[in-house]
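Each chain, written out:
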Amino acid sequence: MLQKITNFTVRDVRFPTSLEQHGSDAMHTDPDYSAAYVVLDTDSGLKGFGLTFTLGKGTEIVVRAVQALAGLVVGKSLHDIVSNFRDFYRLLTSDGQMRWLGPEKGVIHLATAAVLNAVWDLWARVEGKPLWKLLVDMDPKQVVSCIDFRYITDVLTEEEALGILVNAKEGKQQREDLMMSQGYPAYTTSCAWLGYSDQQLKQLCADALQNGWTRFKVKVGADLEDDIRRCRLIRQMIGPSNTLMIDANQRWDVVEAISWVTKLAEVKPLWIEEPTSPDDILGHAALAPLGIGVASGEQCHNRVMFKQFLQASALQFVQIDSCRLGSVNENLAVLLMAHKFKVPVCPHAGGVGLCELVQHLILFDYICVSADLSGRMCEYVDHLHEHFTSPAVIQNAHYLTPKDPGYSCEMLESSVKRHEYPEGDVWKLQLNK
Ligand SMILES: C[C@H](O)[C@@H](O)[C@@H](O)[C@H](O)C(=O)O
Ligand SMILES: [Mg+2]
């Protein structure tokens, strides 16, 4: 069966998370975690589910962009796509007219992610494996055949990429066994969103400590006095040996970032995340003398940007994102470049569906690329998992290895219906208030 894609739907699904300030930070003060949610139908009856993450308003624009790509997908067979996945990636990202909208960035690239995430989900379902296992079992040649090396061959050629994967075959089974038994280490961001009160912060942090969490991320950047108070509070609660990270979500100019972070250095953060514009490579590099790691990636729009961040030694932590980049294909390129530059990958997750998706990529990274857990962890945020048919599962601050076939981003139809914007019941209620 060639698994011909016969139909394609995309829906605007929004969750009113801003009502309780979940997900709030110094720049995104009222996010409604949302998704452009794609379903591919095939002639076999199997479906592929994919999404890209947004913050509410504007999801309708992403939905239109996804629709603009639909014509490139419907009528193709999964077999044709994956037997030459690099070309299919290029077909979506390099269409002679639509690439003007990017190229490979912004709304059109978010749309590419939604479509390709659904294709990968379909592929994994057809193989009857969770996506990470599909990748782990793939021949290295096939893995590299999914990557578009255009624009990155000056730092990573196809042969080098192949070499990395072949070298990492040693010990692969043991690493897979380890992941099956203990899972992948995680950190939590859900205790310290910027809009939470100190009381809430304390309670959530106490609960998290009780549940075995040892690594915590705190939002900063709006008000220095508040930041000092909140960070001291968390540091006091978690003690000196647990890990604390801070995240400014692009709030500062470079000079401001240097002075602000210097004042927060007393709480000993492992990293400062997104101190300034996500496009300012040299600006990030300018923070190096502070001796605090610099992390970024959730709005790093493609492999070319990551390449330059790595070339300029501007990042000490690479935060891949399953929906910002062009799906698994482009993330594979970034994982391999990060490995070459010896920079640990600590994925961005959270939002709606990002934990479900990115857990697969980081498992592949550990088992088949980095072979290393030191200084590595995957973000976890405890919101909205109940809307998925195979939600991410955390135990003792580790992601348990997903077992169901696919890429884990199928939503419950009842959740989609209730949260569709603007006609779902949840929104009818909100909009009529
Ligand atoms: C608007 C979002 O919640 C962001 O604040 C979030 O992705 C954050 O930057 C993170 O690192 O988790
Ligand atoms: Mg962040």
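Thresholds, definitions, all that
- Sequence order sets the numbering: in each chain, residues are counted from 1 along the sequence as written.
- All chains are assigned letters beginning at A, and all ligands numbers beginning at 1, according to the order in which they are written.
- Local features are withheld for residues below a pLDDT of 70 in this predicted model, meaning they are given only at 70 or higher, and side-chain atom pairs are given and counted only at 80 or more; totals for whole chains, interfaces and linings count all residues.
- To get the side-chain values, take all heavy atoms of the structure and skip hydrogens and water.
- Numbering of helices and strands runs from the N terminus, with a helix taken as a DSSP run of H or I at least four residues long and a strand as a DSSP run of E at least two residues long.
- We take the radius of gyration over the C-alpha atoms and set the globule estimate at 2.2 Å times the residue count to the 0.38 power.
- Think of it in three bands: with a 1.4 Å probe and only protein chains considered, a residue is buried below 20% of the maximum accessible area for its type, exposed above 50%, and partly exposed in between.
- In this description, contact between two residues means that some pair of their heavy atoms is separated by no more than 4.5 Å.
- To measure how exposed things are, a 1.4 Å probe is used in the Shrake-Rupley method; for residues, cover is taken only from the protein chains shown.
- Metal-coordinating donors are taken as N, O and S atoms lying within 2.8 Å of the metal, or within 3.2 Å when the metal is Na, K or Ca; because water is left out, some sites can appear incomplete.
- Put simply, the grid is 1 Å and covers the protein atoms alone, a cavity is a trapped set of points that fit a 1.4 Å probe, a pocket is an open set with protein on both sides within 12 Å along at least five of seven lines, and lining residues have an atom within 4 Å of a point.
- Grid points are joined across faces, edges and corners, and a volume is the space filled by probe spheres set on the points.
- All amino acids are sorted into three groups, where Ala, Val, Leu, Ile, Met, Phe, Trp, Tyr, Cys and Pro are nonpolar, Asp, Glu, Lys and Arg are charged, and the leftover types, Gly among them, are polar.
- When we say a residue is near a molecule or strand, we mean one of its heavy atoms is within 4 Å of it.
- Polar contact is defined as a pair of N or O atoms within 3.5 Å, subject to the rule that within protein one atom must be able to donate a hydrogen and the other to accept it, and that residues adjacent in sequence are counted only when both atoms are side-chain atoms.
- For this analysis, a molecule is said to be in a pocket or cavity if more than half of its atoms are within 2 Å of the grid points defining it.

The chain is annotated in an unreviewed UniProt entry as Mitochondrial enolase superfamily member 1 of Poecilia reticulata.

Participant: Got a minute to help me understand the overall build of the chain in this structure?
Facilitator: Within the chain one finds 17 helices and 12 strands. In summary, the chain has a C-alpha radius of gyration of 21 Å against a globular reference of 22 Å for 433 residues, a match within 12%. If you line up the chain on its principal axes, its C-alpha atoms span 60 × 55 × 45 Å. When burial is assessed residue by residue, the chain has 60% of its 433 residues classed as buried. Across the chain, contacts joining residues at least 24 apart in sequence account for 73% of those joining residues at least 6 apart. Carbon and sulfur atoms form 51% of the exposed surface of the chain, whose accessible area is close to 16,600 Å².

Participant: Looking at this structure, I do not really get the coordination of the magnesium ion (ligand 2). What am I missing?
Facilitator: As a benchmark, a tetrahedral metal site with four donors has ideal angles of 109.5 degrees, while an octahedral site with six donors has ideal angles of 90 or 180 degrees. In the first shell of the magnesium ion (ligand 2), the protein supplies D247 (OD), E273 (OE) and E298 (OE), at 2.0 to 2.2 Å from the metal. Residue D247 is classed as buried on the basis of its relative accessible area of 0%. Note on E273: relative accessible area 0%, which makes it buried.

Participant: Which parts of the structure should I look at to understand the layout of surface pockets?
Facilitator: Empty space left among the atoms is revealed by rolling a probe the size of a water molecule over them. Here the largest pocket is characterised by a volume of approximately 690 Å³. Forming the boundary of the largest pocket are 39 residues, of which H28, P31, T54, L55 and G56 lie nearest the centre. Breaking the lining of the largest pocket down by element, the ones donating at least two residues are β3 (47-54), α1 (59-70), α4 (106-127) and β5 (215-219). Ranked by residue count, the leading element in the lining of the largest pocket is α1, at 3 residues. For the lining of the largest pocket, a count of residues per class yields 14 nonpolar, 12 polar and 13 charged. Taken as a whole, the second largest pocket encloses approximately 340 Å³ of empty space. Lining the second largest pocket we find 20 residues, and of these T188, S190, N211, W213 and D382 sit closest to its centre. Those elements that place two or more of their residues in the lining of the second largest pocket are α9 (198-210) and β11 (394-395). Per-element accounting of the lining of the second largest pocket gives the leading share, 4 residues, to α9. Here the lining of the second largest pocket is built from residues that sort into 10 nonpolar, 8 polar and 2 charged.

Participant: Honestly, the site of ligand 1 in this entry has me stumped. Any pointers?
Facilitator: Taken together, 14 residues lie around ligand 1, and D25, Y33, E298, H348 and E379 are the ones closest in. Take G23: an N or O atom from its main chain is 2.7 Å from an oxygen atom of ligand 1. One of the side-chain nitrogen or oxygen atoms of D25 is found 2.4 Å away from an oxygen atom of ligand 1. Contact with the protein chains hides 97% of the accessible area of ligand 1, taken as 330 Å² for the molecule alone. Put simply, ligand 1 lies in the largest pocket.

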